[in-house]
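# Structural description and commentary
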Amino acid sequence: MVQYQRLIIHHGRKEESGGSSCCYSKRAKQKFRCLLVFSLLSCCFVLSPYYLFGFSTLSLLDSFRREIEGLSSNEPFSTPLCSEISNGTICCDRTGLRSDICVMKGDVRTNSASSSVFLFTASTKDNTKPEKIKPYTRKWETSVMDTVQELNLITKDSNKSSDSVCDVYHDVPAVFFSTGGYTGNVYHEFNDGIIPLFITSQHYKKKVVFVIVEYHDWWEMKYGDIVSQLSYYPLVDFNGDARTHCFKEATVGLRIHDELTVNSSLVNGNQTIVDFRNVLDRGYTHRIQSLVQEETESNVTALDFKNKPKLVILSRNGSSRAILNEKLLVELAEEIGFNVEVLRPQKTTEMAKIYRSMNTSDVMIGVHGAAMTHFLFLKPKTVFIQIIPLGTDWAAETYYGEPAKKLGLKYIGYKIAPRESSLYEEYGKDDPIIRDPDSLNDKGWEYTKKIYLQGQNVKLDLRRFRETLTRSYDFTIRRRFRDEVPRLLVT
């Protein structure tokens, strides 16, 4: 696990000792008194905003400002292995903990019947050994990697080979990857697939062909808007297209950095997760405009969120980790001053519709789970409140909390109290499940999954949660005001 540290510089103040007080003249004392009065008046001016607007709100704004300042990275770009290779070469980088990457350069041809990618060379000596690779980004997880199709990367002598010539010739490079494994879970679709695809291909500036192993029609329909921002060309179904596709260069496998993020020091051009979100923005803009047009033509009036801050509750479908008093939560949020939208995405829900709801929100609330991946659809500076059930602290912070901060969101992790968990009534306050969740998690993933993920719901203490909602509301109002002032000054 990569550890991120923030450099904190403490600025000291040089102090100089002076003479004793008995040596001051009367004039010096008068100057000192004036200076003291002036200092007190200055303090009043400095502290007045805290009395006018509330100490907690400005503290929240100040802490968020410091987080934003730490987002940009000026770290030098570290060139990955196999980035520059000679013609007729296969180079594989197997140093990564999460994925293997192989690069082929020269006369590259596909052969789906044998699950192979050939590199033809005129050399009479074959010094390149065959390679095998599973182009999926969870290489450490044997159970899922066993289900992923393996590709053979083989060098052949073009003078001796009788293999068929190219059926389709591409004058741009190819990137091969699998949509097998955990594809079907939105977290894994982004973390293991879409974001690594951006990392691996963004430097081609859309002049690249994506060749998908274990292709699914639904995947292309679901993510076509995003893929269209990474490539000008149609996808190639490796198994379903028996034709021989030829390329001058191919990357087999995807590079992955950390959970739902982009490490700028490992990407050419110092791209970050914010740049990835900009890709989403461009990808969904056209479809969202169409949705707005459809609503206009159908005389459907959208809710007016221009005045009140918009809060989206990402409601879980199913029997676990649901907010049991969700209706009362909606009423509380509306009482505080929010316009509330309860979003219940299904597997068939169009991504552009989800993106539109999230992209126009000021605050998002959801219980820890794969659907929290949709925080990627929030604009930077939006408040993201993740409700953290018992026993899920580490996963909630690692998979969603830390990545959300890197995107520039104001992240709030709301750890529920034992009494807010449905497990409290089921097991009692003295059971280790309630008292010591770590001891259960230490027994293994199956215990965590069964008890804390599949067997737990949440009933929020709304008196306790009100403080979090109020702080979020105050933060949003102050942010809106701060963003509006420069515009007003210009006009």
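- In the nomenclature of an unreviewed UniProt entry, the chain is known as EGF domain-specific O-linked N-acetylglucosamine transferase of Camelina sativa.
- What UniProt records for the chain under Subcellular location (unreviewed entry) is the sentence "Golgi apparatus membrane".

### Here we look at the overall build of the chain
- Summing up its helical and strand segments, the chain has 14 helices and 15 strands in all.
- Every one of the 491 residues in the chain was classed for burial, and the buried ones make up 45%.
- Within the chain, contacts between residues separated by at least 24 positions form 76% of all contacts whose residues are at least 6 apart in sequence.
- When the accessible surface of the chain is summed, it comes to about 26800 Å², and 52% of that surface belongs to carbon and sulfur atoms.

### A look at the pairing of strand 3 (residues 116-121)
- Here strand 3 lies mainly inside the structure; six of its six residues are buried.
- By the alternation rule, side chains of strand 3 split into Ser116, Phe118 and Phe120 and Val117, Leu119 and Thr121, which are all buried.
- Relative to strand 3, strand 2 (residues 101-111) is paired through five bridges, and the arrangement is antiparallel. Note that in strand 3 the partner of Asn111 across the bridge is Ser116.
- The loop that links strand 2 with its antiparallel partner strand 3 comprises four residues; one of these, Ser115, has a positive phi angle of about 50 degrees.
- With six bridges connecting them, strand 3 and strand 5 (residues 151-157) associate as parallel partners. In the strand pairing of strand 5, Phe120 is matched with Lys156.

### Considerations on the nonpolar core
- Ranked by size, the top nonpolar core spans 52 residues in total, and within it Phe190, Phe375, Leu376 and Phe384 carry the most contacts.
- The dominant element in this core, judged by the number of residues it contributes, is helix 4 (residues 186-201), at eight residues.
- Setting aside residues up to four positions removed in sequence, Phe190 forms contacts with Ile195, Pro196, Tyr223, Ile226, Leu260, Phe276, Leu280, Met351, Thr373, Leu376 and Phe377.
- The next biggest cluster of nonpolar side chains, apart from the first, holds 33 residues, and it includes Ile313, Ile323, Leu332 and Tyr452.

### Focus on helix 6 (residues 273-297)
- With 25 residues, helix 6 ought to run about 36 Å at 1.5 Å a step, and its terminal C-alpha atoms sit 36 Å apart, in line with that.
- The largest bend in helix 6 comes to about 40 degrees, at Thr285.
- Turning to helix 6, its buried residues are Ile273, Phe276, Arg277, Val279, Leu280, Gly283, Tyr284, Ile288 and Leu291.
- Check the buried side of helix 6 and you find it contacts helix 4, helix 5 (217-227), helix 8 (351-359) and helix 9 (393-406).

### Section: the sheet that holds strand 13 (residues 363-367)
- Taken in spatial order, the five strands line up as 12-11-13-14-15 in an open sheet, and their pairing is parallel. Pairing within the sheet leaves two strands with one partner each, and these edge strands are strand 12 (339-343) and strand 15 (410-415). In this sheet, adjacent strand axes meet at a mean angle of 20 degrees when their direction is disregarded.
- Sheet topology places strand 11 (residues 310-314) next to strand 12; five bridges connect them, and they run parallel. Directly across from Leu314, in strand 12, lies its bridge partner Leu343.
- Most of the contacts of helix 9 go to strand 14 (residues 383-388), to which it runs at about 175 degrees, and overall it touches strand 14 and strand 15.

### Focus: the side chain of Glu189
- Secondary-structure assignment places Glu189 in helix 4.
- Here the side chain of Glu189 touches Tyr223 through a polar contact of 2.3 Å, side chain to side chain.
- For Glu189, the contacting residues outside a window of four places in its chain are Thr183, Gly184, Ile194, Trp218, Lys222 and Tyr223.

### Side note on the pattern of salt bridges
- Enumeration according to the criterion identifies 24 salt bridges in this entry.
- Where Arg287 meets Glu294, a salt bridge forms, and the shortest distance between an N and an O atom there is 3.2 Å.
- Since its relative accessible area comes to 40%, Glu294 is described here as partly exposed.
- Ionic pairing is found between Arg466 and Glu335, a salt bridge with its closest N-O pair at 3.0 Å. You can see Arg466 sitting in helix 14 (residues 462-490) and its partner Glu335 sitting in helix 7 (residues 326-336), a full 131 residues away along the chain.
- In this structure Arg466 comes out as partly exposed when scored by relative accessible area, which is 34%.
- According to the relative accessible area criterion, Glu335 is exposed, its value standing at 57%.

### A closer look at the packing of aromatic side chains
- For the structure shown, the criterion picks out 21 aromatic pairs.
- Both rings, one in Phe198 and one in Phe276, keep their centres 5.6 Å apart while their planes meet at 65 degrees; by these two values the pair is edge-to-face. Here Phe276 lies in helix 6 and Phe198 lies in helix 4, a separation of 78 residues in the sequence.
- Classification of Phe198 as buried rests on a relative accessible area of 2%.
- Classification of Phe276 as buried rests on a relative accessible area of 1%.
- Relative to Phe465, the ring of Tyr414 lies with its centre 4.8 Å away and its plane at 90 degrees, an arrangement referred to as edge-to-face. Of this pair, Tyr414 sits in strand 15 while Phe465 sits in helix 14, and the two are 51 residues apart along the sequence.
- You can call Phe465 buried: its relative accessible area is 0%.
- Cluster of aromatic residues (ring-pair linked, three or more members): Phe177, Phe190, Phe198, Phe210, Trp219, Tyr223, Phe276, Tyr284, Tyr355 and Phe377.
- Taking the ring centre of Phe120 as reference, the NZ or CZ of Arg109 above it sits at 4.0 Å.

### A short note on unusual backbone geometry
- In this structure, Ser115 is a non-glycine residue whose phi angle is positive, near 50 degrees.
- Inspection of the secondary structure assignment puts Ser115 in the loop between strand 2 and strand 3.
- The backbone of Lys381 sits at a positive phi, close to 85 degrees, despite the residue not being glycine.
- Mapped onto the elements of the fold, Lys381 is located in the loop between strand 13 and strand 14.

Calculation notes
- Residues numbered from 1 in each chain as written.
- Predicted model: local features only at pLDDT ≥ 70, side-chain atom pairs only at ≥ 80, totals over all residues.
- Heavy atoms only, no water.
- UniProt positions renumbered as here; feature names shortened; annotations may be inferred.
- Helix = DSSP H or I, 4+ residues; strand = E, 2+ residues; numbered from the N terminus.
- Buried < 20%, exposed > 50% of the residue type's maximum accessible area, 1.4 Å probe, protein only.
- Contact = heavy atoms within 4.5 Å.
- Areas by Shrake-Rupley, 256 points an atom, 1.4 Å probe, with all protein chains shown as cover.
- Pairing = 2+ DSSP bridges.
- Core = buried A, V, L, I, M, F, W, Y, C linked by side-chain atoms within 4.5 Å.
- Expected span 1.5 Å × (residues − 1).
- Bend = angle between axes of the 7 residues up to and from the residue.
- Axes fitted to C-alpha atoms, helices over the stretch in contact; angles between N-to-C directions.
- Polar contact = N/O pair within 3.5 Å; in protein donor to acceptor, adjacent residues only side chain to side chain.
- Salt bridge = Lys/Arg side-chain N within 4 Å of Asp/Glu carboxyl O.
- Phe/Tyr/Trp six-rings, centres within 6.5 Å; stacked < 30°, edge-to-face > 60°.
- Lys NZ or Arg CZ within 6 Å of the ring centre and 35° of its normal.

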